[in-house]
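Topology and contacts: notes
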Amino acid sequence: MIKIFKIFFRIYSARLAKDFNLPLFNQIMQTLGAICFFILHLVAFRLIISKFSFTGWTDGQLLVLLLTFELFTYSAFFLFYRGLNYTVTEINNGSFDFFLSKPFPSRLLTIFRGGGSHNFILIILSQVLLYWVFINYHLNFYLPLLIPYYFTLLTSLFTAYNLSCIFLTPNFKYGKITASQSAIFYIQEIYKYPSTLFYGPNLLVFILPLVLSLLTSYPAMLLLNKPIPISLSIVYFGTLFVSWLLANYTWRTSLRHYSSAS
Amino acid sequence: VKQYWLIFKLQFAQFSSYRINVLAQILQSFVTPALTLIALSLASPKTSLNTSSLLIYYLFISLTYPIAVSTIDENISEMANSGQVNNFLIKPLSFFRWLLAINIAEKLVILITLLPILVPLVLLTHIELVKISEIVLVLCISFLLSFSLSYLFGQFNFWVDDFWAVQNLKHVAILFLGGVVLPYAFYPQSLVQFLKYTPFPYLASWPARIVQSQFNYSETIIAFIWILILYFLAHHLHRRAVLKYSFTNT
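Residues numbered from 1 in each chain as written. Chains lettered and ligands numbered in written order. Predicted model: local features only at pLDDT ≥ 70, side-chain atom pairs only at ≥ 80, totals over all residues. Heavy atoms only, no water.

Some remarks on the packing of helix 6 (residues 95-124) of chain B against helix 7 (residues 129-155) of chain B
All names here are of chain B. Definition in use: What counts as an axis is a line fitted to C-alpha atoms, over the stretch in contact for a helix, and the angles between N-to-C directions run from 0 to 180 degrees. A run of H or I in DSSP becomes a helix once it reaches four residues, and a run of E becomes a strand once it reaches two; helices and strands are each numbered from the N terminus. Crossing handedness is defined as follows: a turn of the near helix away from the far one that is anticlockwise and smaller than a right angle gives a left-handed crossing, while the clockwise case is right-handed. Every residue pair with non-hydrogen atoms within 4.5 Å of one another is taken to be in contact. By the convention adopted, Pro, Cys, Tyr, Trp, Phe, Met, Ile, Leu, Val and Ala count as nonpolar, Lys, Arg, Asp and Glu as charged, and the other residues, Gly among them, as polar.
Following both chains from N to C, one finds helix 6 and helix 7 inclined at 145 degrees, their axes separated by 12 Å at the closest point. You can see that helix 6 and helix 7 cross each other, and the crossing is right-handed. Taking contact as the criterion, the partners of Phe 95, Phe 96, Leu 99, Leu 100, Asn 103, Ile 104, Lys 107 and Val 122 in helix 6 are, on helix 7, Ile 132, Phe 143, Phe 147 and Tyr 151. Per-class residue counts for the contact of helix 6 with helix 7 are ten nonpolar, one polar and one charged.

Right, dumping it as structure tokens:
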């Protein structure tokens, strides 16, 4: 395990060092390209909360949720996007063989390929803005709550990683499905909304939005020190466990259909 | 024209054979609006905005977005990176017309795939025949405008290394200023007034707005003027781009 962490650390730090050594123009372009979506989410969400209210959530708390969403999304981009992008192409052209020949689990090795500096910058920016929201909206801030906040953010990212792997598996059987590499990001809209919205008498109807929105709502509720029903905790950690089992199973069974470049 | 017709037929056959990809592309355009609608239907409106009007708006956006919005800049990026642009330097083929032919073929496959949803929807919502013809006309203009814009942005690929950043800027502009993420009812009135004179309202959300309101001929004129402006700008840039272009296979 330590060896795997060492490898990942080397890959990500090398990629970051490479990005930060690019000419300034390239760095500005990359950051501009990434920050425009960051701003789009902020502006669009401000417009939504100017026209709609969400029971049990003040505007300040909703912004904490939105910035948790930004932090979660850009962390996912930083950690997985490159790997997801490359894997789809490599399964298609047969160069995925390289990962099968390595003495490491292919599911780990293929996804973690380093992240761009622009995503790293936005991860930091999300946290600076989060701090600003707490001050500007006079929200209660408890320093020890940062520990469960970051821990659950990591577990949410692990669930997102498992879901990404599940979405990738049809590529082994059906050939190149370009949309599969970004599937986890196409459903990102739901991560912006509080999961308490879907938690009610129609729970079964909204189970999927509830499960997905919990990936960001759960850490945000912990940071805001909001009461969390025990059933929501069960759903959150249950999703984590089930997604891990399912990702392992689908990856293993789908690999049988992989026929290399031939 | 004959050679472009042949290219169109070949591309049509190719796109038709990748049905899962086409379906995934269509499904993609439904996801964000559907999730937004689910969330907003459970929230409490502060103004007169209601989710039933949003439902029709988002439904039409989801259906027309994959038909109207061109992503030909992605093809240009792939072709420039792989050296395929070389073919257009040595053969008597127009780069613009070739791309237009393959993009029309792609959109036609999407339109045919969407017909089983579009036809019952039109019948259920009792849209008049005149309105249908207006929507078809608007959809064609939207596609031409979107294609011109995408072709123009694609030219930046010859100058910028990180072309994905330019693509993102274009994508965000279409999504936000084009009223795809949120209808214009959410925006300040002054911004909506300003946007009228830009190409954005005539890209993806135009057909959806036509369904809910009256067709305005002056909008068609603005859209056509933008098509001409973007076309000439793109051609001017393309001439310079070809001079700048170099590819050596390694």
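So much for the structure itself; the text now carries on.
Concerning the interface of chain A and chain B
Under the convention used in this document: Two parts placed together each lose some accessible area; with a 1.4 Å probe, that loss summed over both constitutes the buried area. The term salt bridge refers to a side-chain nitrogen of Lys or Arg lying within 4 Å of a carboxyl oxygen of Asp or Glu. In the analysis that follows, any N or O atom pair within 3.5 Å is treated as a polar contact, provided that within protein one partner can donate a hydrogen and the other can accept it, and provided that, for residues neighboring in sequence, both atoms belong to side chains.
Each partner contributes residues to the interface: chain A has 36 residues there, and chain B has 36 residues. Taking both sides of the interface into account, the surface hidden between chain A and chain B amounts to around 3300 Å²; carbon and sulfur atoms contribute 75%. In this structure, the connection of chain A to chain B is made through zero salt bridges. Linking chain A to chain B there are eight residue pairs in polar contact (both at pLDDT 80 or more). For the side of chain A that touches chain B, the secondary structure elements donating two or more residues are helix 2 (24-51) and strand 1 (52-53) of chain A. Examining the composition of the side of chain A that touches chain B, we find that 16 residues originate from one element, helix 2 of chain A, more than from any other.

Considering the packing of aromatic side chains
To keep things clear, this is the line we draw: Two aromatic rings from Phe, Tyr or Trp, using only the six-membered ring of Trp, form a pair when their centres are within 6.5 Å; if the ring planes differ by under 30 degrees the pair is stacked, by over 60 it is edge-to-face, and anything between is tilted. Charge-over-ring placement is defined geometrically: NZ (Lys) or CZ (Arg) within 6 Å of the ring centre, and within 35 degrees of the ring normal.
As enumerated under the stated definition, the model contains 46 aromatic pairs over all chains in all. Pairing Phe95(B) with Tyr151(B) gives two aromatic rings, centres 6.3 Å apart and planes at 50 degrees, and the pair type is tilted. With Phe95(B) in helix 6 and Tyr151(B) in helix 7, this residue pair connects regions lying 56 residues apart in the sequence. Each member of the aromatic cluster is reached from another via a ring pair, and the members are Phe88(B), Phe95(B), Phe96(B), Trp98(B), Phe143(B), Phe147(B), Tyr151(B), Tyr231(B) and Phe232(B). A cation over a ring is seen here: Lys226(A) above Trp57(A), with NZ or CZ 4.5 Å from the ring centre.

Brief notes about the nonpolar core
Test applied: Residues belong to a common nonpolar core when they are buried Ala, Val, Leu, Ile, Met, Phe, Trp, Tyr or Cys residues joined through side-chain atoms within 4.5 Å. For each residue, the accessible area found with a 1.4 Å probe, counting protein chains only, is set against the maximum for its type, and the residue is called buried under 20%, exposed over 50%, and partly exposed in between.
Membership of the largest hydrophobic core comes to 159 residues, with the highest contact counts inside it found for Phe54(A) and Leu99(B). It is helix 3 (residues 59-93) of chain A that contributes the most residues to this core, 16 residues altogether. Not counting residues within four places of it along the chain, the set of residues in contact with Phe54(A) comprises Ile48(A), Ile49(A), Leu62(A), Tyr193(A), Pro194(A), Leu197(A), Ala39(B), Leu40(B) and Ala43(B). In this structure, Met29(A), Val160(B), Phe163(B) and Val166(B) belong to the second largest nonpolar core, which totals five residues.

Concerning the confidence of the model for chain B
As a reminder, the rule being used: What pLDDT conveys is the predictor's confidence in a given residue, as a value from 0 to 100.
Per-residue pLDDT for chain B has a mean of 87; in total, 99% of the residues score no lower than 70. Overall fold confidence for the complex sits at a pTM of 0.87, while the interface term, ipTM, reaches 0.83.

Concerning the pattern of salt bridges
Using the criterion set out here, one finds four salt bridges over all chains in the structure. The salt bridge involving Lys192(A) is made with Glu189(A); its shortest N-O contact spans 3.1 Å. For Lys192(A), a relative accessible area of 3% corresponds to the buried category. A salt bridge links Lys170(B) to Asp73(B); its shortest N-O distance comes to 3.2 Å. Of this pair, Lys170(B) sits in helix 8 (residues 163-177) while Asp73(B) sits in helix 4 (residues 72-82), placing them 97 residues apart in sequence.

Focus: the packing of helix 7 (residues 146-168) of chain A against helix 10 (residues 207-223) of chain A
Residues and elements named next belong to chain A. Inclusion rule: Throughout, the term roughly parallel applies to angles under 35 degrees, roughly antiparallel to angles over 145, roughly perpendicular to angles from 65 to 115, and oblique to all others.
Their axes nearest at 8 Å, the elements helix 7 and helix 10 cross at an angle of 175 degrees. Between helix 7 and helix 10, the angle is such that the two are roughly antiparallel. Contact with helix 7, carried on its side by Leu 146, Pro 148, Tyr 149, Thr 152, Leu 153, Ser 156, Thr 159 and Leu 163, involves Leu 212, Leu 215, Tyr 218, Pro 219, Ala 220, Leu 222 and Leu 223 of helix 10 and no other residues of that element. In terms of residue class, the contact of helix 7 with helix 10 is made up of twelve nonpolar, three polar and no charged.

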